[in-house]
Amino acid sequence: MSLRKLAMLAIALFCLGSATPPPLRIALIIGNGTYGHNDPLPNALTDARAVADRLRRLGFDVQPDTIDLDTAHLKPAIDAFTKKLRDAGPNVIAFVYYAGHAAQDAFGNNYLVPTDADAKTPADMQREGVPVPDLLQAMEEANNDVNILVLDACRDWYEDDRTPSDPRGLHDMGLHGSVLIAFATRADATADEGPGLTSSPYSHRLIEALDKQPSDSVVSLFDDVQSRVYTDTDTLQMPMYINGLVRAGRWAFSSGALAEVRDTPRPAVVWAATSPFLQSLDRKQLLQFAHGKESFVDVLLKRRDLLEKYQINTPKRLAYFLASVGYESAGFQQQTEKFGYSAAMLRRIFSSRITSLAMAEGLVGKPEAVANVVYANRFANGPPASGDGWRYRGRGLFFITGRYNYARYGREVGVDLIASPDLANDLEIGLAIAGAVWRDARGNDAADRDDLALAARRFLGTSNIRNLPERNVWLSQAKRALNLTN
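Everything numeric in this text was worked out from a predicted model, so none of it was measured.

Enquirer: What's the story with the nonpolar core in this structure? I'm lost.
Expert: One recurring pattern in soluble globular proteins is that nonpolar side chains are buried together. Membership of the largest hydrophobic core comes to 83 residues, with the highest contact counts inside it found for L55, F95, F222, W251 and F253. It is strand β3 (residues 92–99) that contributes the most residues to this core, eight residues altogether. When residues no more than four places from it in sequence are discounted, the contact partners of L55 are A27, I29, F60, V62, F95, L210 and F253. Membership of the second largest hydrophobic core comes to 57 residues, among which are F289, Y409, L427 and L484.

Enquirer: Whenever I open this one, the pattern of salt bridges confuses me. Can you help?
Expert: Close approach of charged atoms allows side chains of opposite charge to pair. Applying the stated criterion to the full structure yields 35 salt bridges. Across the pair D53 and R54 runs a salt bridge whose closest N-O atoms are separated by 3.3 Å. For D53, a relative accessible area of 29% puts it in the partly exposed group. R54 sits in the buried class, given a relative accessible area of 18%. Linking R408 and D440 is a salt bridge whose minimum nitrogen-to-oxygen distance equals 2.9 Å. Note that R408 is positioned in helix α17 (residues 402–413) and D440 in helix α18 (residues 427–440), a separation of 32 residues in sequence. Taking relative accessible area as the criterion, R408 reaches 30% and is therefore assigned partly exposed.

Enquirer: Got a minute to help me understand the sheet that holds strand β7 (residues 146–152) in this structure?
Expert: What links the strands of a sheet is backbone hydrogen bonding, and the strands pair in either a parallel or an antiparallel sense. With mixed pairing, six strands are arranged side by side in an open sheet as β2-β1-β3-β7-β8-β9. At either end of the open sheet lies a strand with only one pairing partner, and these are β2 (61–62) and β9 (240–243). Across eight bridges, the pairing between strand β1 (residues 24–31) and β3 is parallel. Across the sheet, the residue bridging to I29 is Y97, located in β3. Sheet contacts for helix α5 (residues 132–141): β3, β7 and β8 (179–183); angle to β7, the most-contacted strand, approximately 165°. Across the sheet, helix α6 (residues 201–212) touches β3, β7 and β8, and the angle it forms with β7 is around 145°.

Rules used in this analysis
- Residues numbered from 1 in each chain as written.
- Predicted model: local features only at pLDDT ≥ 70, side-chain atom pairs only at ≥ 80, totals over all residues.
- Heavy atoms only, no water.
- Core = buried A, V, L, I, M, F, W, Y, C linked by side-chain atoms within 4.5 Å.
- Buried < 20%, exposed > 50% of the residue type's maximum accessible area, 1.4 Å probe, protein only.
- Helix = DSSP H or I, 4+ residues; strand = E, 2+ residues; numbered from the N terminus.
- Contact = heavy atoms within 4.5 Å.
- Salt bridge = Lys/Arg side-chain N within 4 Å of Asp/Glu carboxyl O.
- Pairing = 2+ DSSP bridges.
- Axes fitted to C-alpha atoms, helices over the stretch in contact; angles between N-to-C directions.

Here is the structure:
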């Protein structure tokens, strides 16, 4: 063999040996359904088994014997998993799925409920439940890039003994680095298990997505699950997810080495200093205004430089901006266009595109089809068959819609939204986009004039303003949160 061939072989063997190996995939799938002191949840058991089956097909090592865990077994199962996560090192993907009862205490701490728990009050839950924050802390401290925590657990444990002040459902746990947290419904709300079904509405769509969308980024996958469940439940159940995958947000279940999907872009820090007013913002008051949405408030405080960049740096300007975000995002809960409309509403809202009641009836319950019809050949989108309508549907704190706007605001914030449109739902990127949209709508000028109608007209781009009283409620609340009395 020639020296040239030997050298090439040596280089090839070196490259092969030095290639980054695919990450280890581990999963903890818990299904608690046979409760002794509360309603049984049979779907939790079938859902957990189905999710475990799908993850095994996707290469996950699923921890065994995690069905119907009582007090003696629930915390040890979680501890065994987190030890395995720590011992595996940084090149690992971790997926935790819990279906069963869960609840929060009076302080907003979430707990998983063992099957033998008999807690009657939030104080009881502190003694009998297994705290979710401990699991989240272990995931963050593992120093790996991708952790996924799914909680299909938004039922009302305290239903029989509750008082008006008792918490409902699960609490927003804020942004956690390298963890995507997915809830079956919005914070502080409850959801049905799915009577008459063999799966809960949320897990049904999650299982379907694991089957059909393994090549989509994990954020896109949960984005689509959210929209479909909202439509399936006739707008009654709005799932939420909090994306903390800052190092590998483009990871997909079909991905190989993590090196291929690391470094999700973030909006650059654009101002070294912020105004004294922005520095003085009170987290507790902002949380009260944002209905406890810790993930939003934490990002807002972390990226005050973005507010400064877009000169949202006086009490009036920030009050108007926050009021608009609160209103447009349905109380900081909705960052994706859902299309969960009846046939009559489809005809009313999209009359120029959905031209008959029969056409509308054929589109009910099909959010992808609706988006592809109503946004086809607009905003630089292609025809319905291109899928651009669904791909570039409304997303963000202020909805941006269409290929044109995704390209435009992607350039503004330094993120490729055409290739990865789901990044518009990342709160940090979404805040940067919202600032740019606010600037383009000349929102600061309307705020300086203290003219809500003008702000709404400029933001909507029309003189036909709807729901001005509701917008005014949000503005009043924002002014109180910022100690602005006039």
